[in-house]
Amino acid sequence: MKYKSHPNINLSSHCYRIYQSFPQDQEHRIVSFFHDIGKISQEFQDYINKKSNKKTTHAFESSFFYFFMRHDKEKFEDFLANLYAINKHHGNLPDIEQDISSNFNFTLDGFKKHYFMNFSQKSVKKIHEKLFLMAKPVLRELTQERINKELMEFLFFYKNILEHKKYEFDTIEEYFLFKIRFSKLIFADKYEAIFNQAYKQEKTFKASKYIDRLESIIQEKGKNQNNLNDKRNQARLEILANYQKDKDKKIFIIEAPTGIGKTFAALHLSLQIAKDFDKQTIITALPFTSIIDQTYTDYYDIFEFDQDNILLKYHHLTDSKNCIEPDTENAQVLQKNDYITATWAFDNVIVTTFNQFLYTIFSNKNSDLLKFWKLQNSVVILDEIQSIPRVLLEDVAITLSFLAEQYNVHFILMSATIPAIQQFFNQESFAQLLSTEYYTENNRYTIVPQLDMKYELSDDEQSLLEQIENKSKNQSVLCVVNTKKFAKKIYDDLKTNGVENLYLLSTHLIPKHRKQKIEEIKKKLGDINVVLISTQMVEAGVDLDFDIGFRELAPYGSIIQTAGRINRNNQKEAGQDNKDCTLIVFSIKPHPIYKNGKSHPYHEKDMLIDEQDEFLGNEIKESEILEKVNNYFQEVMDRTISLHLYEKMKKLEFQSVVEEFEKNFMQKIPNLVPVFVETKPNLAQCYREKKFALLREARATTELSKKMEIKSKLKKLEKRMSKYIIDVKKEETTQLEKMFNTKEFQDFTNIHICPFDNYTKRYSYEIGWNGEYWDYGFD
């Protein structure tokens, strides 16, 4: 009780409250009581009590102490997982072989030197003194001979692991054993340090309440039913009925055409699973933030109608990645108000990105694994599963199967084009919940390939601009291209040529304007002919209905998604009233924007130019899509060489797994900075003052219920702020002020402000951000 773990917190209470965060897990109890035992050293106590400015270490020393105090090393996997959780709880999980080779593959003299250099101790004897002399049950005479014997035992343990490759296993079970042990410790440790208490979440999620609310909303929307609404209800009820037949399964697949109502159907299913199996968490992951905003809006009416505050929208705009040391009051305040949100700790329904979800599974980083424990006993909806690169599908499937069985996670996989992921599941482990008739009975559109098209206006009827202009005279036209730069060029050229009711949509528009523009287009469609030039952000989750579409060559799943915006509501017929009901897939060579010909943001392995040229050789009706797309995905999967990340997982190569995953998951855009666009004077200052007022209020209170109330207010404030934020090139922010850069509060968001007096120069509602660096970036 006399030793401190943090200022004004005694070590005993700190460890006990960490254990109390997950009291049913006895291995967590062990790592909780040992993880900070190295803090009993006089050096650390002098530092924490501000008697010395010299920082010291404790994590490695704590693992050293745990090694000699525990006698259950025959439970090797548990023992090693605990040892690494304790040793690395302020860092990241490493590749185990590399870590042992670097840190423990020494002679005795070499180890003494290495240990001294890494941990700044005066001598090996001093290390033993601070660990053993303060634990009377193991007090021994610390002769040099005894010290050397202890050190050799410690070294031999690791050398034996290395020599006999004990870090290699037959399954990925141990990989996730390390992660769950690590995740619970680092989450509970930081939570206790921030809030001075154990984490505790009551079982308050009543799925039946939200099922009733969902059904009420569906009934209200269906008052003016048409055939499409009837189809949506039929599909939803079929999904629920088929689930009842396969309740023993934990992986469910919903493959259905766009516009069939998958969002509400999957949510209804997830709530039913939560009700049947007493689940407290539902996670919906989607590929794009634009879809997240729409899904969050749909969810909000269901989960927040009683102001229950159980719904979280979580992506990069709400993520506080920087780990600020809790040495100052200001840093403590920031952590207290962001930590719960970043770890999903108190939210029952989370809408997030594939990025956040998949990094939680595959990452080795402390910041990502803080929320891994939250996946246990949850329901996870993976919408638009076709967005996952095909080279990762096998590893994703194997991982989902393991989490389903070992961590009781129910998965719902959805798409209009399931990309042959089923072949990687055990046939007894999953169930298809929807019949194929929803495809074969549809004939809303036809895909027409024109893969050798010109761009500029000419007498050639194949030129893109001429076709868009001609079709726009009597039809609503959608044109989806792969980059923001190309979209803006088409928009500018069509505007110069006098095309009316013309819109541009990309992530260069702030979310507020994107939403407004989509609503504006939706209201006009059907009354007048609208022309929309867009990036792929319109592919999914955007309920728009056009007469004809143009799609730049992209992965086949993306083409199908764009086709879902053509005659979406099935109220038109090709040939009647001059309606085409077609999607023209084009490829322009040479490309008018990119001299090197690379005009797409997709991974080269997913473009499959040769296969798509062959597959798009003829027109394809919607009723033929399912068979063709299944054959296509099977063919390309047969040619795909999987990454086999699971082999690295079996070897506990935590760092190598995430590095290989990052290379293949998505193309990253470097040097992007968030910018708050002021659409009226002093808007940024208004939000800044509101946030600072809440942070001051949080600083002044010690009552948890009050802190949770403030957390709720901050979430709502940041949600409103995010409507004005876009990512732009770093070079364009050099003259812009940071939004939260004051002496009172430390900045960790890196958000800059585009002030109102610059607004019309740098930004417009028509095109969004109008910077100087158009030659970059993909949505």
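For the structure itself, look to the data block above.
The structure displayed is predicted, hence computed values, not measured ones.

Along its length, the protein chain carries 31 helices and 21 strands. Counting over 779 residues, the protein chain shows a buried share of 59%. Just so you have it, the protein chain exposes about 32,800 Å², and 46% of that area is on carbon and sulfur atoms.

To find the voids left in a structure, one rolls a probe of water-molecule size over its atoms. For the second largest pocket, the calculated volume is near 720 Å³. Lining the second largest pocket are 20 residues; nearest its centre among them are F22, Q201, K203, W373 and N377. When grouped by side-chain class, the residues that make up the lining of the second largest pocket number four nonpolar, eight polar and eight charged.

A separate point is a positive patch on the surface. Positive charge collects at one region of the surface, where K515, K680, K690, K716, R720 and K723 lie side by side. In this structure, K690 sits in helix α29 (residues 683-700). In this structure K690 comes out as partly exposed when scored by relative accessible area, which is 40%.

Below, the discussion takes up the nonpolar core. Membership of the largest hydrophobic core comes to 167 residues, with the highest contact counts inside it found for F176, F357, F411, L413 and I447. If one sorts the elements of this core by residue count, helix α10 (residues 173-195) sits on top with 13 residues. The contacts of L413, once residues within four sequence positions are left out, are I251, F252, I253, I254, L382, I385, L400, I418, I421 and F425.

Next up on the list: the sheet that holds strand β17 (residues 672-677). Spatial ordering of the open sheet is given by β18-β17-β19, a layout of three strands whose pairing is mixed. Both outer strands of the open sheet, β18 (725-729) and β19 (752-754), are each paired with one neighbouring strand and no more. On average, each strand axis in the sheet is inclined to that of its neighbour by 45 degrees, with strand direction left out of account. Across five bridges, β17 lies against β18 in antiparallel orientation. If you follow F676 over to β18, its bridge partner there is I725.

Here we come to unusual backbone geometry. Within the chain, K50 stands out as a residue other than glycine whose phi angle is a positive 60 degrees. When its relative accessible area of 72% is taken as the criterion, K50 is described as exposed. The phi angle at N501 is positive, at roughly 50 degrees, despite the residue not being glycine. Note that N501 resides in the loop between α21 (484-496) and β12 (502-505). The partly exposed category is assigned to N501, whose relative accessible area is 28%.

Time to look at the packing of aromatic side chains. Within the structure shown, the criterion is met by 53 aromatic pairs. Ring centres of Y175 and F176 lie 4.9 Å apart, and the angle between their planes is 90 degrees; on these two criteria the pair is classed as edge-to-face. Taking relative accessible area as the criterion, F176 reaches 0% and is therefore assigned buried. What links up through ring pairs into an aromatic cluster is the set F34, F60, F64, Y66, F67, F76, F79, F104, F154, F157 and Y158. The positively charged end of K166 is found above the aromatic ring belonging to F76, 5.5 Å away from the centroid. In this structure, K184 is placed above the aromatic ring of F22, and the distance from its NZ or CZ to the ring centre is 5.3 Å.

This paragraph deals with helix α2 (residues 26-34). For α2, every residue scored as buried is listed here: E27, H28, I30, V31, S32 and F34. In this structure D25 caps α2, since a side-chain oxygen of it lies 3.1 Å from the backbone nitrogen of E27.

Pairing in this open sheet of seven strands is mixed, and the strands run β12-β13-β11-β14-β15-β10-β16 from one edge to the other. With partners counted over all chains shown, the strands left at the sheet margins are β12 and β16 (620-621), one partner each. One ladder, built from two bridges, connects strand β10 (residues 446-453) with β16; its direction is antiparallel. Considered in β16, the bridge of T446 is made with K621. In this fold α21 packs onto β11 (477-480), β12, β13 (531-534), β14 (548-552) and β15 (582-588), with an angle of close to 165 degrees to the strand it touches most, β12.

Along the polypeptide, S472 turns up in the loop between α20 (464-471) and β11. A polar side-chain atom of S472 sits 2.7 Å from the main-chain carbonyl oxygen of E469. Setting aside residues no more than four positions away along its own chain, S472 makes contact with V477, V499, N529 and V531.

An ideal rise of 1.5 Å per residue puts 20 Å on 14 residues; helix α18 (residues 393-406) measures up with 20 Å between its terminal C-alpha atoms. Once α18 finishes, N408 follows within two positions and takes phi at roughly 55 degrees, a positive value.

Here is what the cut-offs are and how they apply
Residues numbered from 1 in each chain as written. Predicted model: local features only at pLDDT ≥ 70, side-chain atom pairs only at ≥ 80, totals over all residues. Heavy atoms only, no water. Helix = DSSP H or I, 4+ residues; strand = E, 2+ residues; numbered from the N terminus. Buried < 20%, exposed > 50% of the residue type's maximum accessible area, 1.4 Å probe, protein only. Areas by Shrake-Rupley, 256 points an atom, 1.4 Å probe, with all protein chains shown as cover. 1 Å grid on protein atoms, 1.4 Å probe; cavity = no way out; pocket = protein on both sides within 12 Å on 5 of 7 lines; lining within 4 Å. Points joined across faces, edges and corners; volume = space filled by probe spheres on them. Nonpolar A, V, L, I, M, F, W, Y, C, P; charged D, E, K, R; others polar. Patch = residues over 30% accessible without salt bridge, like charges linked within 9 Å, V, L, I, M, F, W, Y side chains within 5 Å. Salt bridge = Lys/Arg side-chain N within 4 Å of Asp/Glu carboxyl O. Lys, Arg positive; Asp, Glu negative; His and termini not counted. Charge placed at Lys NZ, Arg CZ, Asp CG, Glu CD. Core = buried A, V, L, I, M, F, W, Y, C linked by side-chain atoms within 4.5 Å. Contact = heavy atoms within 4.5 Å. Pairing = 2+ DSSP bridges. Axes fitted to C-alpha atoms, helices over the stretch in contact; angles between N-to-C directions. Phe/Tyr/Trp six-rings, centres within 6.5 Å; stacked < 30°, edge-to-face > 60°. Lys NZ or Arg CZ within 6 Å of the ring centre and 35° of its normal. Polar contact = N/O pair within 3.5 Å; in protein donor to acceptor, adjacent residues only side chain to side chain. Expected span 1.5 Å × (residues − 1).

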